Amino acid sequence: MRRDRNSSNNPLHPSYYHSFLTTEDYIIFIDQAFCISMKTFVKNQLLGKTLATTMRYKPKYKNHFVVIEKKTGRIIPKKYVSEPFFFFHTINAYEENGHIICDICCFDDGQAWQDIFGEKQIDIISKTQSGSLAETMYAQGLKSKAKRFILPLDTRGKGNLVRLDSSSATAFAAKNRIVLTPEILTPESIKFIEMPQIHYVKCNGRKYRYFYGITRNEQYITQLAKVDVLTKTAKVLIDKECNFLEPIFVPHPDASSEDDGIVLSVALSEKEENKGSLVFLDGKSFQEIARAEFTAPSAMVNEFHGIFLGANNKPFST
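Counting restarts for each chain: residues are numbered from 1 in the order of the written sequence. Where totals are concerned, whole chains, interfaces and linings use all residues; where local detail is concerned, this predicted model gives features only for residues with pLDDT of at least 70, and gives and counts side-chain atom pairs only at 80 or more. The side-chain numbers reported here are obtained from all heavy atoms of the structure, hydrogens and water having been left aside.

> What is the right way to look at the pattern of salt bridges in this model?
Side chains that carry opposite charge are capable of pairing whenever their charged atoms lie near each other. The salt bridge definition used is simple: a Lys or Arg side-chain nitrogen within 4 Å of an Asp or Glu carboxyl oxygen. All chains considered together, the criterion is met by 14 salt bridges. For D228, the salt bridge is made with R209, and the minimal N-O distance between the two is 2.9 Å. On the criterion of sequence distance, the pair formed by D228 in strand β15 (residues 222-228) and R209 in the loop between α5 (200-203) and β14 (210-216) is long-range, its members being 19 residues apart. Note on R209: relative accessible area 30%, which makes it partly exposed. In this structure, E272 engages K275 in a salt bridge whose closest nitrogen and oxygen atoms are separated by 3.5 Å. One salt-bridge network, held together by shared partners, links D239, E288 and R291. By definition, any uninterrupted DSSP run of H or I lasting at least four residues is a helix, any uninterrupted run of E lasting at least two residues is a strand, and each is numbered from the N terminus. Exposed residues in this analysis have more than 50% of their type's maximum accessible area, buried residues have under 20%, and partly exposed residues fall in between, with area computed by a 1.4 Å probe over protein chains only.

Here you go:
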């Protein structure tokens, strides 16, 4: 990977990576402003501290979109940059009329890392359980939006280099860079969106319309959401008695449309720590079809990622 003095990807602060994007012809890595302090990493090895304590958010860095040709392995020499943001998961990417479209679940800054993995997580949960408005607002500080960045492959000319009428995202040439400004895909009612899943077999690296994910209500409880990136609307499944985990989309064997299938999600009870259920939703209407309840011999905790295997052990979603 290239080095750039204005990028977070430098020897002392290598960028944190959790996911990347692919299209039919390109691989896109996002060199973000959230990085590892190598100095702290070495020190913490001696002190026996965790990797999480070495993470740093460097807002002085821009986020760099590094585009690699699949066939040749060549890095496209154009420097695509945006204002800094933090992300765990990409949603999807595809090519359209000489542009690369990149959709990502974005947090404004690296504070989300501490909110999710640090000691602040305990504070957030305890404060929301007390139920006061001020403490609920404290929990609502953990916000993310689905955003679309568009990378024009043809960067000649002046003004906005994004020549797609379907998007409000922009790209302007500034010195030797292409500065990207995203379009927001989630409605204002969605304050948090994560764990995105698409019809992976049909749409990964290709143009798509829907994705599924988890969102949160005012009490910090996770709910399920279906987002339409064309109309920028969302359907939300609300159940205040449980926390939903990452949704998995399983397409109908003879699917007639992108969202023709079943969405699976594990739901953990908010009242009894060893009780849960597997929830089945219609991929189109996003209405609950069935729920299989179960009791575990011990407490169940949130998991991050799952997969559905068909009868021949072929994965439908990753």
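> What am I meant to see in the packing of aromatic side chains here?
Any two aromatic rings considered together are summarised by their centre-to-centre distance and by the angle between their planes. Pairing of aromatic side chains here covers Phe, Tyr and the six-membered ring of Trp, requires ring centres within 6.5 Å, and sorts the geometry by plane angle: under 30 degrees stacked, over 60 edge-to-face, intermediate tilted. Taken as a whole and judged by the stated rule, the model has 16 aromatic pairs. When the ring of F85 is compared with that of F87, the centres are 6.0 Å apart and the planes differ by 50°; the resulting orientation is tilted. Assessed through its relative accessible area of 0%, F87 is described here as buried. Seen in terms of ring centroids, Y212 and F249 are 5.5 Å apart; in terms of plane orientation they differ by 10°. Their pairing is stacked. A residue pair is termed long-range when its members are at least 10 positions apart, and Y212 in strand β14 and F249 in strand β18 (residues 248-251) qualify at 37 residues.

> Any chance you could explain the side chain of D31 here in plain terms?
Mapped onto the elements of the fold, D31 is located in strand β2 (residues 26-31). Overall, D31 belongs to the buried group, its relative accessible area being 3%. Throughout this description, a polar contact denotes any pair of N or O atoms lying within 3.5 Å of each other; where both atoms belong to protein, one of them has to be capable of donating a hydrogen while the other can accept it, and for residues adjacent in sequence the pair is counted only when both atoms sit in side chains. Only 3.3 Å separates the side chain of D31 from the side chain of S15, close enough to count as a polar contact.

> How do you make sense of a positive patch on the surface when you look at a structure like this?
A patch is a set of surface residues, each over 30% in relative accessible area and not in a salt bridge, joined within 9 Å for like charges and within 5 Å for the nonpolar side chains Val, Leu, Ile, Met, Phe, Trp and Tyr. Areas reported here follow the Shrake-Rupley algorithm with a probe of radius 1.4 Å; residue values treat only the protein chains shown as occluding. Residues scored as positive are Lys and Arg, those scored as negative are Asp and Glu, and His as well as the terminal groups of each chain are ignored. Taken as the charge location is NZ of Lys, CZ of Arg, CG of Asp or CD of Glu. A surface patch of positive charge is lined by K39, K43, K49 and R56. Within the secondary structure, R56 sits in strand β4 (residues 55-57). Of the residues examined, R56 reaches a relative accessible area of 30% and is grouped as partly exposed.

> Help me understand the sheet that holds strand β12 (residues 183-184), please; the structure alone is not making it clear to me.
One key point about sheets: their strands pair by backbone hydrogen bonds, in either a parallel or an antiparallel sense. If DSSP finds at least two bridges between two strands, the strands pair. Taken together, the 4 strands give an open sheet; going across it, the order is β7-β8-β9-β12, and neighbouring strands pair in antiparallel fashion. Edge positions in the open sheet fall to β7 (90-96) and β12, since each of these has one partner strand only. As paired strands, strand β9 (residues 144-152) and β12 are joined by 2 bridges and run antiparallel to one another. Paired with R148 across the two strands is E183, which belongs to β12.

> Before we go on, may I ask you to explain the sheet that holds β2 in this structure?
Taking strand neighbours across the sheet as the criterion, the 6 strands line up as β1-β2-β5-β6-β11-β10 in an open arrangement whose pairing is mixed. Whereas interior strands pair on both sides, the edge strands pair on one side only; in this sheet they are β1 (21-22) and β10 (170-174). Pairing between β10 and strand β11 (residues 177-181): 5 bridges, direction antiparallel. Paired with F172 across the two strands is V179, which belongs to β11.

> Help me understand the side chain of E258, please; the structure alone is not making it clear to me.
Here E258 lies in the loop between β18 and β19 (261-269). One polar contact links the side chain of E258 to the main-chain amide nitrogen of R209, over a distance of 3.0 Å. Discounting chain neighbours no more than four positions away, the residues touching E258 are H199, K202, C203, Y208, R209, Y210 and F249. Should any heavy atoms of two residues lie within 4.5 Å, those residues are considered in contact.

> Quick question: what am I supposed to make of the nonpolar core here?
One recurring pattern in soluble globular proteins is that nonpolar side chains are buried together. The biggest cluster of nonpolar side chains holds 40 residues, and the ones touching the most others in it are F65, I104, F149, L151 and F211. Top contributing element to this core by residue count: strand β8 (residues 99-107), with 6 residues. For F149, the residues in contact, after removing those within four places along its chain, are F65, S82, F85, I100, I101, C102, I104, C106, L180 and P182. We define the nonpolar core as a collection of buried residues of types Ala, Val, Leu, Ile, Met, Phe, Trp, Tyr and Cys that are connected through side-chain atoms lying within 4.5 Å of one another. Membership of the second largest hydrophobic core comes to 24 residues, among which are F34, F86, F88 and L142.

> Please explain the pairing of strand β5 (residues 63-69) as it appears in this structure.
Within a regular strand, the side chains alternate between the two sheet faces. When you tally the buried positions in β5, you get 7 out of 7 residues, the bulk of the element. Both faces of β5 are covered, namely the face carrying N63, F65, V67 and E69 and the face carrying H64, V66 and I68. Pairing of β2 with β5 involves 6 bridges; the strand directions are antiparallel. Bridge pairing in β5 places I30 opposite F65.

Nothing here speaks to function; it is all geometry.
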